[in-house]
Amino acid sequence: GSEKALEEARAELSRVRSRHQALSDVHARLEGASDGTRALVATGDPALLGLFGDRVEAPAELTHALAGLLGDRLQDVVVSDVTRGVDLLEEMARSGSGRAAIVAAQPGFVAGLSPNLPDDEGVVCRLADSLRYAPEDEALVRALVGDAIVVRDADAARRIRETYEGTLVTLSGTVMFPSMSFGGRIVGGSGDEAAAGRLDEKRELRELSERIAEQSAIASERLAAHQALRGEIAETQATLEQARAKAHQGELALVTAERDLKAATSSIEVVEKRIATLTHQNVSSEAQNE
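Overview of the structure. (Residues numbered from 1 in each chain as written. Predicted model: local features only at pLDDT ≥ 70, side-chain atom pairs only at ≥ 80, totals over all residues. Heavy atoms only, no water.)

Looking now at the sheet that holds strand E9 (residues 175–176). Spatially, the 5 strands line up as an open sheet ordered E5-E7-E8-E9-E10, and their pairing is mixed. Every interior strand has two partners, whereas the edge strands, strand E5 (123–126) and strand E10 (186–187), have only one. Note that strand E7 (residues 149–151) and strand E8 (residues 168–170) share 3 bridges and pair parallel. Of the residues in E8, the one forming a bridge with Val151 is Thr170. Along the sheet face, helix H3 (residues 63–70) touches E7, E8 and E9 and points at about 135° away from the line of E8. Running at roughly 165° to E8, helix H6 (residues 154–161) makes contact with E5, E7, E8 and E9 of the sheet. (Pairing = 2+ DSSP bridges. Helix = DSSP H or I, 4+ residues; strand = E, 2+ residues; numbered from the N terminus. Contact = heavy atoms within 4.5 Å. Axes fitted to C-alpha atoms, helices over the stretch in contact; angles between N-to-C directions.)

Right, here's the structure in full:
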């Protein structure tokens, strides 16, 4: 009944919270990031706002496209103060803590996007338009992702490259950069698992947070329903007790009435006998007088 439903909701809420906590712990350890990146973040300097990859989220089907396009740039540490960020990098150089990269939270200039997508069935989307991020990070996302277009596969990329000069990235993560700015560099193969995995963690953490909120609401609703049902049961039991009390009082009244009736009947019988006796005596007396 309601108690079982409540326990099921609480168990599911506990499971989701446990998963969220475990994944949060893994994410916080910056697994897959370079030693230098971890060393920079570990300074805890207030100018550091976290990894760029933690400020953007890709749909599952575009995870490898984003990871392939940006690669190590997903480890760029976003800073609110570039001067302070450079100082921290200098300190790392002196201490031999490794290398890291920083990027300004608000880039000074962001190039406009190409207005139209290539007219080809192999085009999936403009990558930047399909990402989730906070409004204040739009300039940052546009600066790093640019006008890259996601295409289905390498064949589509080669076909589109004939008439389109822009960055193309396949769903599997192979990237064709523009010849004008990157010399036509092409990057592909495997090795983006760590970056893709961290992006997947980011998305799952958000989904788990939403699931926790939903499950908390369900548990609260079922608790309220359970308490309401218990209240109704208690009210019904009280009504039943009242009815039983009234029935008991009625039984007592019936017993009392039956006793009173019996006593009255006995009294009447006594009186009737007395009357009969007096009547008989009176008749006998009159006969003697005659």
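Still to come is the rest of the account.
Following both chains from N to C, one finds helix H2 (residues 35–42) and helix H4 (residues 82–95) inclined at 120°, their axes separated by 11 Å at the closest point. The orientation of H2 relative to H4 falls into the category oblique. Remark: the crossing between H2 and H4 carries right-handed chirality. Within the contact between the two elements, H2 uses Gly36, Ala39 and Leu40 and H4 uses Leu88, Leu89 and Met92. Class assignment of the residues belonging to the contact of H2 with H4 gives a composition of 5 nonpolar, 1 polar and no charged. (Parallel < 35°, antiparallel > 145°, perpendicular 65-115°, else oblique. Left-handed = near helix turned anticlockwise from the far one by under 90°. Nonpolar A, V, L, I, M, F, W, Y, C, P; charged D, E, K, R; others polar.)

A separate point is the environment of Ala47. Relative to the helices and strands, Ala47 resides in the loop between H2 and strand E1 (48–51). Distance in space between the C-alpha atoms of Ala47 and Ala276 is 121 Å, their sequence separation being 229 residues. Those residues in contact with Ala47 that sit more than four places away from it in its chain are Val78, Val79, Ser80, Asp81 and Arg84.

Looking now at the nonpolar core. The biggest cluster of nonpolar side chains holds 29 residues, and the ones touching the most others in it are Phe52, Leu66, Leu69, Leu70, Leu127, Leu131 and Val145. Broken down by secondary-structure element, the contributors of at least two residues to this core are H3, helix H5 (138–145) and helix H8 (193–289). Take this core: its biggest share by element is 5 residues, from H3. Filtering out sequence-adjacent residues up to four positions away, Leu131 remains in contact with Val56, Glu57, Ala58, Leu66, Val141 and Val145. (Core = buried A, V, L, I, M, F, W, Y, C linked by side-chain atoms within 4.5 Å. Buried < 20%, exposed > 50% of the residue type's maximum accessible area, 1.4 Å probe, protein only.)

Read across the open sheet, the 3 strands follow the order E1-E3-E4; overall the sheet is mixed. Because the sheet does not close on itself, it has two edges, and the strands there are E1 and strand E4 (102–104). On average, adjacent strands in this sheet sit at an angle of 30° to one another, irrespective of strand direction. Across 2 bridges, E1 lies against strand E3 (residues 77–79) in antiparallel orientation. Among the inter-strand pairings, Leu51 is bridged to a residue of E3, identified as Val77. Across the sheet, H2 is in contact with E1, E3 and E4; its angle to E1 comes to roughly 145°.

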